[in-house]
Amino acid sequence: MTTMQNTLKEPRKKGHFHKKPGDPLPVLVETETGIPAHLAIWKSFSGRFNGDCVEVSDAEDISSLYNMGFFGKGSFSRGCPRSARKTNHPEIIRERQWKRRCDWSNRKSDISKVEDGQEEKALHEDNPEVIVIGDTDNEEENFMSHLQPRIENDSGSSPEVLNLLLEEALFLCYGLGCLYIFDISGQKILNCDEFWALCLEIDTRFIERYVTYHHFRSKGWVVKSGLKFGGDFLLYKDGPGFYHASYVVMSKVLYGENSIEAGSINKKLDWITLMGLNRLAETSGKEVLLCYAIRPNGLLPGQPSSPNVIKKFKVHEVIPRRWQPSVARIDNSNPPTKPENEESCI
């Protein structure tokens, strides 16, 4: 195995996306943006802890957090929330989707009656328009002849929120100092230590996961959830709108600064799991990256009471390489040559 190289491979671009990266969040660097740095334009955001993640409901905050750093995921979208998309085109849905929305709207109206018998005022004065097309999933039919599009007012739609991972919320609160997190009741603002304690209660692996997230965010990577690829995180260059993910990250913890020299680095990972993850990563054009958070010797095994403890951690990056007999076979007539700028594997 080998440590992560300084010169990384060029990630695969997404050809259908032609957009320049947004300004850095929340710091406006004058040499990069041309905007003079001033406290009056220092951005701050607010979110509410719902017991599982942090919700951001303000449309302007959602747009800024996603477009200026690709933080979070839309609650009704695959990735980019609707409020962060700069488009004036209405959403296109199927007839069955429209019927489910109408049914949900009727149910919501029945339970939202106030005491005087009048319905509560809608959350949005201007109802978004949607284009409804016909239901046809049979490939043998002429799909275009059954569209019959029509425009409807989606009065029953719920507002979309931005869901922040616990690691993303803590990084914005502790690392960048631009996010105010309210408790589950929405009445009290949690400081960094209080939110840190909540995260440790929810996830027993939160310390090594956050150390990994903070490490790669500080190096300029856009870090997203890696659950769908079997890992902890995915690393993107510039963001998922511009490139495909380059690495699937697995975060592990080691106890003691001498763990690597003692040879215990491979004892924390099952080889069957590693081979399956590596096969999945190769199929999707990615590489597996093992990130070991080395817990300092002087740190007690109990839960630290402050996120300042991450300053004492060290991070070790490892990229596993699959051994190929055809490449490693010794041939005296044609000795193998080592590619330039490639580190040797152990």
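Refer to the structure presented above.
So, here is what we can say about the structure in this document.

About the thresholds
- For every chain, the first residue of its written sequence is number 1, and the numbers climb from 1 along that sequence.
- Residues qualify for local features only when their pLDDT is at least 70, as the model is predicted, and side-chain atom pairs are given and counted only at 80 or more; totals for whole chains, interfaces and linings, by contrast, use all residues.
- The basis for every side-chain value is the complete set of heavy atoms in the structure, and neither hydrogens nor water enter the calculation.
- Secondary structure elements are defined from DSSP: runs of H or I of at least 4 residues count as helices, runs of E of at least 2 residues count as strands, and each element is numbered from the N terminus.
- The buried label applies to any residue whose accessible area, calculated with a 1.4 Å probe on protein chains only, is under 20% of its type's maximum; exposed applies above 50%, and partly exposed to all values in between.
- Residue contacts are counted whenever heavy atoms from the two residues lie within 4.5 Å of one another.
- Using a 1.4 Å probe, accessible areas were evaluated by the Shrake-Rupley method; residue-level cover was limited to the displayed protein chains.
- In short, DSSP must find at least two bridges between two strands for them to pair.
- Geometry is summarised by axes, namely lines fitted to C-alpha atoms with helices restricted to the contacting stretch, and by angles between N-to-C directions that run from 0 to 180 degrees.
- Between rings of Phe, Tyr and Trp, where Trp is taken as its six-membered ring, a pair exists when centres lie within 6.5 Å; planes separated by under 30 degrees are stacked, by over 60 edge-to-face, and by other angles tilted.
- Consider the ring centre and the ring normal. A charge sits over the ring if Lys NZ or Arg CZ is within 6 Å of that centre and within 35 degrees of that normal.
- Read the arc as the range of directions from the helix axis to the C-beta atoms.
- N or O atoms within 3.5 Å of each other form a polar contact, as long as, within protein, one can give a hydrogen and the other can take it, and as long as residues adjacent in sequence are counted only when both atoms are side-chain atoms.

Observations concerning the overall build of the protein chain
Stage number 1. Helix and strand content of the protein chain: eight helices and 15 strands.
Stage number 2. Across the 346 residues that make up the protein chain, the buried fraction comes to 40%.
Stage number 3. Within the protein chain, residue pairs in contact and separated by at least 24 positions form 66% of the contacts whose partners lie at least 6 positions apart.
Stage number 4. Total accessible area on the protein chain is roughly 21400 Å²; 51% of this is exposed by carbon and sulfur atoms.

Here we look at the environment of Lys312
Stage number 1. Structurally, Lys312 is set in the loop between strand 14 (287-295) and strand 15 (314-319).
Stage number 2. A relative accessible area of 55% means that Lys312 is categorised as exposed.
Stage number 3. Between the alpha carbons of Lys312 and Arg295 there is a distance of 7.6 Å; along the sequence they are 17 residues apart.

Thoughts on the sheet that holds strand 6 (residues 129-133)
Stage number 1. Reading across the sheet, the three strands line up as 5-6-7 and stay open at both edges, with mixed pairing between neighbours. This sheet does not close on itself; its edge strands, each paired only once, are strand 5 (91-94) and strand 7 (150-153). Neighbouring strand axes in the sheet, compared pairwise and without regard to direction, differ in orientation by 40° on average.

A few points about the packing of aromatic side chains
Stage number 1. If you walk through the whole model with that rule in mind, you get ten aromatic pairs.
Stage number 2. Plain terms: the ring middles of Phe171 and Tyr213 are 5.8 Å apart, the flat faces sit at 75° to each other, and that makes the pair edge-to-face. Linking Phe171 in helix 4 (residues 166-175) with Tyr213 in helix 6 (residues 206-218), this pair joins segments that are 42 residues apart in sequence.
Stage number 3. When its relative accessible area of 0% is taken as the criterion, Tyr213 is described as buried.
Stage number 4. A centroid spacing of 6.5 Å and a plane angle of 85° characterise the contact between Trp196 and Tyr210, whose relative ring orientation is edge-to-face. Here the residue Trp196 occupies a position in helix 5 (residues 192-202), and Tyr210 occupies one in helix 6, the gap between them amounting to 14 residues.
Stage number 5. For Trp196, a relative accessible area of 0% gives the class buried.
Stage number 6. The lysine or arginine in question, Arg217, covers the ring of Phe71, its NZ or CZ lying 4.0 Å from the ring centre.

Re helix 5
Stage number 1. Residues Phe195, Trp196, Cys199 and Leu200 constitute the buried set of helix 5. Seen from one end, helix 5 has its buried residues packed into an arc of 140°, which puts them on one side.
Stage number 2. Looking at the buried positions of helix 5, the neighbouring elements they touch are strand 2 (45-49), strand 3 (54-56), helix 4, strand 9 (179-182), strand 10 (189-190) and helix 6.
Stage number 3. The backbone nitrogen of Asp193 has a side-chain oxygen 3.2 Å away, supplied by the residue at the start of helix 5, namely Asn191.

Regarding the sheet that holds strand 8 (residues 162-164)
Stage number 1. Taken together, the six strands give an open sheet; going across it, the order is 4-8-3-2-9-10, and neighbouring strands pair in mixed fashion. Unpaired on one side and paired on the other, strand 4 (73-74) and strand 10 mark the two borders of the sheet.
Stage number 2. The pairing of strand 2 with strand 9 spans four bridges and is classified as parallel. Bridge pairing links Phe45 to Leu179 in strand 9.

Structural measurements only, silent on function.
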